[in-house]
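# What the coordinates show
Chain residues, written in single-letter form:
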Amino acid sequence: MTGPNSHSRLIESLKEAASWPGADRNTVLILALTLVSARADAAGSSYFQDLSERNPADATAQALAGYFRLRAGDDADAAMTKLDRAATMEPGLPQYFRGLGLAELLPGRAASEVAPSATDTARRNR
């Protein structure tokens, strides 16, 4: 059984490893999933925003910055813009996280507490 301290150490270790130049994509993904499971949306938003600024060509970092920004309840339009841009940079994970972000905006979703804007509603209805 793991306690809060060991979970925190795991997250901090993953953050450190994911920030290394050329970090393995699996490490970044495991960090993201660990943050989601810990409901550490604000921490994920801050971390991936910083990582995406340091690595503007990394579509996965860009997508995760947008995804956690959305989950944290920050500016949904800016988060979706970042997710849209990341999804056009490369297929795969960025498109997956864009889809998860769009799902967060559906009515009746209580996980992120983000209210859909007019732009989000228009996207959903396409």
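Residues numbered from 1 in each chain as written. Predicted model: local features only at pLDDT ≥ 70, side-chain atom pairs only at ≥ 80, totals over all residues. Heavy atoms only, no water.

Now for the pattern of salt bridges. Using the criterion set out here, one finds six salt bridges in the structure. With a closest N to O distance of 3.6 Å, Lys15 and Glu12 form a salt bridge. Note that Lys15 and Glu12 are positioned in helix α1 (residues 4-18) at a spacing of three residues, about one turn of the helix. The class for Glu12 is partly exposed, based on a relative accessible area of 45%. Measuring nitrogen to oxygen at the nearest pair gives 3.4 Å for the salt bridge that ties Glu104 to Arg71. Of this pair, Glu104 sits in helix α6 (residues 93-104) while Arg71 sits in helix α4 (residues 59-71), and the two are 33 residues apart along the sequence. Look at Glu104 and you get buried, because its relative accessible area is 3%. Arg71 sits in the buried class, given a relative accessible area of 9%. Among the ionic contacts, a cluster of salt bridges with common partners joins Asp41, Arg71 and Glu104. (Salt bridge = Lys/Arg side-chain N within 4 Å of Asp/Glu carboxyl O. Helix = DSSP H or I, 4+ residues; strand = E, 2+ residues; numbered from the N terminus. Buried < 20%, exposed > 50% of the residue type's maximum accessible area, 1.4 Å probe, protein only.)

The end-to-end C-alpha distance of helix α5 (residues 76-89) is 20 Å, a good match for the 20 Å that 14 residues give at a rise of 1.5 Å each. Here α5 starts with a cap whose side-chain oxygen sits 3.2 Å from the backbone nitrogen of Asp77, and that cap is Asp75. (Expected span 1.5 Å × (residues − 1). Polar contact = N/O pair within 3.5 Å; in protein donor to acceptor, adjacent residues only side chain to side chain.)

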